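# Structure assessment
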Amino acid sequence: MYTQNFDEALCVSLRRKIGKAIAQWHMISQGDNVLVGLSGGKDSMILLHALHEFARRSPVKFSLAAVSVKLSGMDTSPLKEYCRHKNIRYEVIEHDIIGIIRTRDEKSPCSFCANMRRGIISSWASQNGYSKLALGHSLDDAVETFFMNLLHSGRAKSFQPVAHMSRTGVTVIRPLVLSTEAAIIDEVKRLGLPVVPSACPFAGHTERQRTREYISDLRERVPDLYGKIIHALENLSCSDSWDGSK
């Protein structure tokens, strides 16, 4: 069962960051049905906790539910208990994504798994009347994606805070996009939120992990690295492009 910190409000600094992202990119509108992709990790847990608080306090009224794609060996019972305590609708979809990755000998398991889970959950959202799918990607994730695209694809881009999925008609929103992993970790600990250990056998041995380590080293030399990346992503323009056709 959950104890003293479980029902406390989100800290002011993190609530402001999430509120700013929601307002800046117009993520949630009156009457929206919002579905949280709940992996059970720290990011998705703080996202669900925050959106539950926003749903209760915000003048913009919206409904909230959560769905998990259950990987082999994943224990979803703490998530089920959390949602029961908060009176949040919660569904579990079982899918052998890890088995598929092994069968395919997938070279980019993290990317493949993320795309598979997003597709599965967005299809469920569409079929059950949820117009928005909230994912727990943080500022750290955005910066890592920027560098992975830059170093491996030669493209200066990251994922969008808001993205419409034409196949399902569902809009993906990322309310944690201005929030750092460090702040999220501290708040999850303070609130005592249930975090489910990763069931992924590839965790810690991926290109994203190597990129994360590279960025950590770079931040020691460039303290405001994240702020510079945000500025770049918000101010990309055609005038900065080396367009060889001109």
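Structure shown above.
Quick summary incoming for the structure in this document. (Residues numbered from 1 in each chain as written. Predicted model: local features only at pLDDT ≥ 70, side-chain atom pairs only at ≥ 80, totals over all residues. Heavy atoms only, no water.)

## Re the pairing of strand β5 (residues 162–165)
To keep things clear, this is the line we draw: Strands are labelled as partners when DSSP assigns at least two bridges between them. Starting at the N terminus, helices and strands are each numbered in turn, a helix being any DSSP run of H or I of at least four residues and a strand any DSSP run of E of at least two.
When β5 meets strand β6 (residues 170–173), the two strands line up antiparallel, connected through four bridges. Of the residues in β6, the one forming a bridge with M165 is V170. In textbook terms, the turn of a hairpin is the stretch between consecutive antiparallel strands, and for β5 and β6 this stretch comprises four residues, one of which, G169, has a positive phi near 80°.

## Section: the environment of P197
Selection rule: Remark: exposure states derive from per-residue accessible area (1.4 Å probe, protein chains only) relative to the maximum for the residue type, with buried under 20%, exposed over 50%, and partly exposed in between.
Examined against the element boundaries, P197 turns out to sit in the loop between α7 (181–191) and α8 (207–221). A relative accessible area of 68% places P197 in the exposed class. Residues P197 and G41, spaced 156 residues apart in sequence, show a C-alpha to C-alpha distance of 7.2 Å.

## A word on the sheet that holds strand β3 (residues 89–94)
Operational definition: For every element, the axis is a line fit to its C-alpha atoms; helices are fit only across the contacting stretch, and the angle between N-to-C directions ranges from 0 to 180 degrees.
Across the sheet, six strands lie side by side as β3-β2-β1-β4-β6-β5; this open sheet has mixed pairing. Each of the sheet's edge strands pairs with one partner strand only, and the pair in question is β3 and β5. For this sheet, the mean inter-axis angle between neighbouring strands, taken without regard to orientation, is 25°. Relative to β6, strand β4 (residues 132–134) is paired through three bridges, and the arrangement is parallel.

## Examining the layout of surface pockets
To keep it simple, the criterion reads: Computed over the protein atoms alone on a 1 Å grid, cavities are sets of points where a 1.4 Å probe fits but cannot get out and pockets are open sets with protein on both sides within 12 Å along at least five of seven lines; a residue lines them when it has an atom within 4 Å of a point. Grid points are joined across faces, edges and corners, and a volume is the space filled by probe spheres set on the points. Charged means Asp, Glu, Lys or Arg here, nonpolar means Ala, Val, Leu, Ile, Met, Phe, Trp, Tyr, Cys or Pro, and polar covers whatever is left, Gly included.
The volume enclosed by the second largest pocket comes to roughly 280 Å³. In terms of lining residues, the second largest pocket is bounded by 16 residues, among which W25, F159, P161, L233 and E234 are the most central. Listing elements by their share of the lining of the second largest pocket, those giving two or more residues are α6 (139–153) and α9 (225–234). Residue contributions to the lining of the second largest pocket peak at four residues, all from α9. Looking at the lining of the second largest pocket, its residues break down into 12 nonpolar, two polar and two charged.

## Considering α9
The criterion, for reference: Our arc is simply the arc of the directions from the helix axis toward the C-beta atoms. In what follows, a contact means two residues having at least one pair of non-hydrogen atoms within 4.5 Å.
Taken as a whole, α9 has its buried residues at L225, Y226 and I229. In an axial view of α9, the angular spread of the buried residues amounts to 95°, which keeps them on one side of the axis. In the core, the buried residues of α9 are packed alongside α6 and α8.

## Some points on the packing of aromatic side chains
Here a ring pair, both rings aromatic, is described through the centre-centre distance and the interplanar angle of the planes. We count it as follows: Each pair of aromatic rings taken from Phe, Tyr and Trp, with Trp reduced to its six-membered ring, is defined by centres within 6.5 Å and is described as stacked if the planes are under 30 degrees apart, edge-to-face if over 60, and tilted in the remaining cases. By the criterion adopted, a ring carries a charge over it if an Arg CZ or a Lys NZ lies within 6 Å of its centre and within 35 degrees of its normal.
Evaluation of the coordinates by the stated rule reveals three aromatic pairs. An angle of 85° between the planes, with centres 5.6 Å apart, marks the rings of F146 and F147 as edge-to-face. Each member of the pair, F146 as well as F147, carries the same accessibility label: buried. An angle of 75° between the planes, with centres 6.0 Å apart, marks the rings of F147 and Y214 as edge-to-face. Within this pair, whereas F147 is found in helix α6, its partner Y214 is found in helix α8, the two being separated by 67 residues in sequence. The exposure class of F147 is buried, given its relative accessible area of 7%. In this arrangement the basic side chain of R219 is found over the ring face of Y226, its NZ or CZ atom lying 3.9 Å from the centre.

## What about the pattern of salt bridges?
Once their charged atoms are close, side chains differing in charge can pair, the charge on each being opposite to the other. Put simply, the test is: By salt bridge we mean one thing: a side-chain nitrogen of Lys or Arg within 4 Å of a carboxyl oxygen of Asp or Glu.
If you walk through the whole model with that rule in mind, you get 11 salt bridges. The residue E8 makes a salt bridge to R190 at a minimum N-O spacing of 2.6 Å. Here E8, found in the segment before α1 (12–24), pairs with R190, found in helix α7; they are 182 residues apart in sequence, far enough to count as distant. With a relative accessible area of 31%, R190 lands in the partly exposed category. E81 is paired through a salt bridge with R84; the nearest N and O atoms lie 2.7 Å apart. Of this pair, E81 and R84 both sit in helix α3 (residues 77–86), separated by three residues, roughly a single helical turn. The network of salt bridges with shared partners includes E8, E187 and R190.

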